[in-house]
Amino acid sequence: MKFIKYFFILALAALVVIQFIRPEKNSEGYETVALFEADANVSPAMTELFKANCYDCHSAQTQYPWYAEIQPVRFWLEDHVKDGKKHFNVSAWDSYSAKKKDHKLEELIEFVEEGEMPLDTYTWLHGDLSEEQTKQILDWAAISRLKYQKEMAGLLK
């Protein structure tokens, strides 16, 4: 019984101590997203959809919920954001070649169609995309890919 008591005291102390460890937040400003929106011809309606469902994990413009201030939740969220940006980062869009942009949009289509995006852990807290929202994203990505495919073919500069 003493062991359990000491274990809980130690666990509580560790929980208090990790509250003081603060990973850097991912919030560089909206300018990094604006370059993507201009280049990829993102409409105002799509901008709102992306802000509400995508930018938190796939850009340098993360809006943190209140529970992000609680450790170890913050570590978990930061891991999701880093992983999301590793796979698809609209804040780095201007550094991608036309071929890479096309490939990223191709992957976006694949992941959304297969229901892998948004992640289940995101939808548990924020809700899933509606069928109409999913269709809007897929239609936008398919149309946007055409621009980058033309660039790769040398038809656009």
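Here's a quick rundown of the structure. No experiment lies behind these values; they were computed from the predicted model shown.

**Some details on the nonpolar core**
- Judged by nonpolar contacts, the single largest core of 24 residues is most densely connected at Phe 36, Phe 50, Trp 93, Ile 137 and Trp 140.
- Contributions of two or more residues to this core are made by helix 2 (31–39), helix 3 (44–53), helix 6 (98–113) and helix 8 (131–152).
- Once residues within four sequence positions are removed from consideration, Trp 93 is found in contact with Phe 36, Asp 39, Ala 40, Phe 88, Lys 101, Lys 104, Leu 105 and Tyr 148.

**Things to note about the packing of helix 3 against helix 8**
- It is the contact of helix 3 with helix 8, at a shortest axis distance of 11 Å, that shows an interaxial angle of 115°. In terms of axis orientation, helix 3 runs roughly perpendicular to helix 8. Regarding helix 3 and helix 8, the two cross each other, and that crossing is left-handed. Here Met 46, Leu 49, Phe 50 and Asn 53 of helix 3 come into contact with helix 8, specifically with Gln 133, Gln 136, Ile 137 and Trp 140.
- Here the contact of helix 3 with helix 8 is composed, by residue class, of five nonpolar, three polar and no charged.

**Here we look at helix 8**
- For helix 8, spanning 22 residues, the distance from its first C-alpha to its last is 32 Å, which sits close to the expected 32 Å at 1.5 Å a residue.
- What helix 8 keeps buried is the set Ile 137, Leu 138, Trp 140, Ala 141, Ser 144, Arg 145 and Tyr 148. Seen from one end, helix 8 has its buried residues packed into an arc of 165°, which puts them on one side. Pointing more than 90 degrees away from the buried face of helix 8 are the exposed residues Glu 131, Glu 132 and Ile 143.
- Considering only its buried residues, helix 8 is in contact with helix 2, helix 3 and helix 6.

**Comments concerning the side chain of Asn 89**
- Turning to its location among the elements, Asn 89 is positioned in the loop between helix 5 (73–87) and helix 6.
- Exposure remark for Asn 89: the relative accessible area of 11% places this residue in the buried category.
- Within the structure, the side chain of Asn 89 is placed 2.9 Å from the backbone nitrogen of Ser 91, a separation counted as a polar contact.
- Not counting residues up to four positions away in its chain, the partners in contact with Asn 89 are His 58, Ser 59, Ala 60 and Tyr 96.

**Thoughts on the environment of Glu 37**
- Among the secondary structure elements, Glu 37 is positioned in helix 2.
- For the pair Glu 37 and Ser 91, spaced 54 residues apart in the sequence, the C-alpha separation amounts to 9.8 Å.

**With respect to the packing of aromatic side chains**
- One pass over the structure, following the stated rule, counts eight aromatic pairs.
- With centroids separated by 5.1 Å and ring planes inclined at 75°, the aromatic side chains of Phe 50 and Trp 140 adopt a geometry described as edge-to-face. A residue pair is termed long-range when its members are at least 10 positions apart, and Phe 50 in helix 3 and Trp 140 in helix 8 qualify at 90 residues. Take Phe 50 and Trp 140: they sit in the same class, and that class is buried.

**Examining the pattern of salt bridges**
- Overall, the coordinates contain seven salt bridges when judged by the stated rule.
- Linking Lys 104 and Glu 107 is a salt bridge whose minimum nitrogen-to-oxygen distance equals 3.9 Å. With Lys 104 and Glu 107 both in helix 6 and three residues apart, the pair spans about one turn of that helix.
- Glu 107 sits in the partly exposed class, given a relative accessible area of 24%.

Criteria and cut-off values
Residues numbered from 1 in each chain as written. Predicted model: local features only at pLDDT ≥ 70, side-chain atom pairs only at ≥ 80, totals over all residues. Heavy atoms only, no water. Core = buried A, V, L, I, M, F, W, Y, C linked by side-chain atoms within 4.5 Å. Buried < 20%, exposed > 50% of the residue type's maximum accessible area, 1.4 Å probe, protein only. Helix = DSSP H or I, 4+ residues; strand = E, 2+ residues; numbered from the N terminus. Contact = heavy atoms within 4.5 Å. Axes fitted to C-alpha atoms, helices over the stretch in contact; angles between N-to-C directions. Parallel < 35°, antiparallel > 145°, perpendicular 65-115°, else oblique. Left-handed = near helix turned anticlockwise from the far one by under 90°. Nonpolar A, V, L, I, M, F, W, Y, C, P; charged D, E, K, R; others polar. Expected span 1.5 Å × (residues − 1). Arc of directions from axis to C-beta. Polar contact = N/O pair within 3.5 Å; in protein donor to acceptor, adjacent residues only side chain to side chain. Phe/Tyr/Trp six-rings, centres within 6.5 Å; stacked < 30°, edge-to-face > 60°. Salt bridge = Lys/Arg side-chain N within 4 Å of Asp/Glu carboxyl O.

The values reported here are purely geometric and, on their own, carry no functional implication.
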